[in-house]
Amino acid sequence: MKKILVLSLGDFRNIARDATMLLMLFAPLAIFLLLRFAVPAATEFLQNEHDFQLVPYYAFIVCFMSMIPTMLFGLIFGLLILDERDEDIITFITVTPLGKSGYTAYKLFASYVISFLFVFVVIYGTHLMTLEIIYTIPIAAAIALEAPLCSLFLAAFAENKVAGLAYGKIIGLMYIAPFIVFFVNSNWQLLASPLPPYWIAKAFIAALGKETLFWPYILVGFAVHVGFAVILLKKFFKAHS
Amino acid sequence: MIEVKKLKFTYPGNSEPTIRTIDFTIPRGEIFGFLGPNGAGKSTTQKILIGILKNYEGYVQVMRQEPKNLHAEYYESIGVAFEFPNLYSKFTALENLDFFRKLYNGETKEPRTLLALVGLENDGHTRVADYSKGMKMRLNFCRALLNNPEILFLDEPTSGLDPVNLRRIAGIIKDLKSQGKTICITTHDMHVAESLCDRVAFIVDGKIVLINSPRELKLQNGIRTLKLEYREDGNIVKKDFSLENLGENMEFLSLLKNKNIETMHTQEATLEDIFIKTTGRSLL
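This is a predicted model, so every value here is computed, not measured. (Residues numbered from 1 in each chain as written. Chains lettered and ligands numbered in written order. Predicted model: local features only at pLDDT ≥ 70, side-chain atom pairs only at ≥ 80, totals over all residues.)

Topic: the overall build of chain B
Along chain B, the regular secondary structure elements total nine helices and twelve strands. Residues counted as buried form 38% of the 284 residues belonging to chain B. Sequence-distant contacts, at least 24 apart, represent 69% of the contacts inside chain B between residues at least 6 apart. (Helix = DSSP H or I, 4+ residues; strand = E, 2+ residues; numbered from the N terminus. Buried ≥ 20, exposed ≤ 12 C-beta atoms within 10 Å, placed from the backbone. Contact = placed C-beta atoms within 7 Å.)

Observations regarding the overall build of chain A
A tally of helices and strands in chain A yields eleven helices and zero strands. Seen in sequence order, chain A has helices and strands lined up from the N terminus as α-α-α-α-α-α-α-α-α-α-α. Overall, the C-alpha framework of chain A stretches about 60 × 35 × 35 Å when taken along its three principal axes. Taking all 241 residues of chain A together, the buried fraction comes to 42%.

Regarding the nonpolar core
Judged by nonpolar contacts, the single largest core of 77 residues is most densely connected at Leu 7, Leu 35, Val 80, Leu 139, Phe 153, Cys 184 and Phe 202 of chain B. The two domains that each donate at least three residues to this core are domain 1 (2-77 + 150-217) and domain 2 (89-143) of chain B. Once residues within four sequence positions are removed from consideration, Leu 7 of chain B is found in contact with Ile 19, Thr 21, Ile 22, Ile 48, Tyr 56, Gly 58 and Val 60 of chain B. Residues Val 39, Ala 142, Leu 145 and Trp 199 of chain A belong to the second largest nonpolar core, which totals 64 residues. (Core = buried A, V, L, I, M, F, W, Y, C linked by C-beta atoms within 7 Å. Domains from an automatic or database assignment.)

Observations concerning the sheet that holds strand β11 (residues 235-242) of chain B
Residue and element names in this part refer to chain B. A sheet is described by the order of its strands in space; here three strands give the open sequence β11-β10-β12, paired in antiparallel fashion. Two strands bound the open sheet, and with one partner strand each, they are β11 and β12 (261-267). Across this sheet, the average inter-strand angle for adjacent strands is 15°, counted without regard to direction. Alignment of strand β10 (residues 223-232) against β11, held across eight bridges, turns out to be antiparallel. (Pairing = 2+ DSSP bridges. Axes fitted to C-alpha atoms, helices over the stretch in contact; angles between N-to-C directions.)

Comments concerning the domain arrangement of chain B
Residues and elements named next belong to chain B. According to the domain assignment, chain B consists of domain 1 (2-77 + 150-217), domain 2 (89-143) and domain 3 (223-267). Computed over C-alpha atoms only, the centres of domain 1 and domain 2 are separated by 24 Å. Grouping the amino acids of the side of domain 1 that touches domain 2 by side-chain chemistry returns four nonpolar, three polar and three charged. (Nonpolar A, V, L, I, M, F, W, Y, C, P; charged D, E, K, R; others polar.)

So, the interface of chain A and chain B
In this assembly, 19 residues from chain A lie in contact with 21 residues from chain B. When residues of the side of chain A that touches chain B are traced back to their parent elements, those giving at least two are α1 (2-16) and α4 (89-94) of chain A. A per-element tally of the side of chain A that touches chain B places α1 of chain A first, with six residues. Per-class residue counts for the side of chain A that touches chain B are six nonpolar, six polar and seven charged.

Examining the pairing of β10 of chain B
All names here are of chain B. Judged from the six bridges that link them, β10 and β12 form a sheet pairing that is antiparallel. Note that in β12 the partner of Leu 228 across the bridge is Met 264. In this antiparallel pair of consecutive strands, β10 and β11, the connection spans two residues, and Asp 233 shows a positive phi of 50°.

Section: the confidence of the model for chain A
With 99% of its residues at a pLDDT of at least 70, chain A reaches an overall mean of 91. The lowest-confidence element of chain A is helix α8 (residues 161-173) of chain A, averaging 88 in pLDDT; the highest-confidence one is helix α6 (residues 133-144) of chain A, averaging 94. (pLDDT = per-residue confidence, 0-100.)

Details of helix α7 (residues 146-157) of chain A
The α-helix advances 3.6 residues per turn, and as a result positions three or four apart in sequence lie on the same side. Residues and elements named next belong to chain A. Helix length check: α7 (twelve residues) gives 16 Å between terminal C-alpha atoms against 16 Å at 1.5 Å per residue, within 8%. Burial within α7 is extensive, with eleven of its twelve residues counted as buried. Listing the buried residues of α7 in full gives Glu 146, Ala 147, Pro 148, Leu 149, Cys 150, Ser 151, Leu 152, Phe 153, Leu 154, Ala 155 and Ala 156. Along its buried surface, α7 packs onto α3 (58-86), α5 (99-125), α6, α8, α10 (196-208) and α11 (214-239). (Expected span 1.5 Å × (residues − 1).)

Thoughts on unusual backbone geometry
Positive phi values are uncommon outside glycine, yet His 127 of chain A reaches one of about 55°. In this structure, His 127 of chain A sits in the loop between α5 and α6. Even without being a glycine, Met 63 of chain B presents a positive backbone phi close to 50°. Overall, Met 63 of chain B belongs to the partly exposed group, with 15 C-beta atoms counted inside 10 Å.

Looking at helix α2 (residues 19-50) of chain A
Residue and element names in this part refer to chain A. The terminal C-alpha atoms of α2 lie 40 Å apart, and with 32 residues this falls more than 12% below the ideal 46 Å at 1.5 Å per residue. Of all the residues in α2, the buried ones are Met 21, Met 24, Pro 28, Leu 35 and Val 39. In this structure, the buried residues of α2 make contact with α1, α3 and α5. Two residues or fewer past α2, Asp 51 is found with a positive phi of approximately 55°.

Looking at the environment of Asn 86 of chain B
Along the chain, the position of Asn 86 of chain B falls in the loop between β5 (78-81) and α2 (93-101). For Asn 86 of chain B and Met 137 of chain B, which are 51 residues apart along the polypeptide, the C-alpha to C-alpha distance reads 9.4 Å. Apart from the residues lying within four places of it in its own chain, the contact partners of Asn 86 of chain B are Glu 87, Asp 88, Ile 89, Thr 91 and Phe 92 of chain A.

Written as structure tokens, this is what we have:
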């Protein structure tokens, strides 16, 4: 526990002294404020001025926006890993009692926990919709898996931090999946099924309708996320062996 | 303290081994130096000893542990300073030391004391990004002492240091030896090896070609003569004398008594001479 605190403080100090990462850290807060205040205001404006109903799109907005902070947290931790790799800090940590596996476990765990908690902030703190806690917990647990996935993706593929920022944009493409799930009403949407967010969006819709299909969707979602994580973890350790 | 027998290592993807069967032992309290040109296998050997490279062949024991199967406790007892300072550049020196010391479970040294030891006591609050190379090397060195280790692995510890700080770091290393610490140094600087190490191993192309104390090597490979210079009628006169029965050599004794001697040197070999003679290679 002491070491988790030490590592967290170290990470926070690194983020606070890096303009890009600091901006990325504020983005989830901006997303929350947008959903909490701007969306209701926009709903009222669109209804009064253009007779357009935004409320039916709230489920999509919340589903999509609960995933974006996770991606950002994942990218931040990925950039931290790249920073530490660029400075060869990971090599030194390997020869401390924490070790490389302890270091990796902490990074993935930290990004997961923060993301898990923030999903609750988005779903319940914005007051845009209601979702039973029995669905929110597994949804948050699955969404949060995308944070370590994003971190590992950067750590496994990007050569340095600059390349990491470019890879971040590639990761962003994965979030086309919720759009397809919500707005493509045909079997063509299965084309997006290899993308991890696809299964979460499917589970999200099923949770709103309290459908029994929720559990198969969420379980497949977990399996897809864990499968990707294992592949990336192997590549990460191979790259650092 | 360290025992290595028939060690071999090939980097993944390489067809040729980097380490080709080397043997050595390092007893407790010794400063042992690996001397060799770049790419000879010095750092690779050290990486095996500290458990970074595990896919080796042969028998390796460090503090009665096999580096292939090390546990976290091992790292409580060793200190490592890599060749290139790997520090958080956005942190100050004190923040760096404070961060790393908390990764250890055992008792650690006070960062300010360590900074003072290497002459950085007034730069503790400076970010490492603003440090010169020599300052980073000193910080890198003192970080290796945080956990009061039993064995220190130092890779080119004096690289980039000015003469004053080189002497300071050498002094600290000698102090650590007097405290019973075992120190394993890799270097291609023969002066460092000569002045610091109890024994050196010449390593070339992944093989140890010679192990001995610098003093023995210098004596064995030197010429047993004494070269003397004095001035006579404004001219420099050079004379060579055999060291055998030098105290009974009347000419030598007469010169000492009657002439103003300007220089007098025995002709032992330098480590660099011996290295080149033994390996046919230069150190750089």
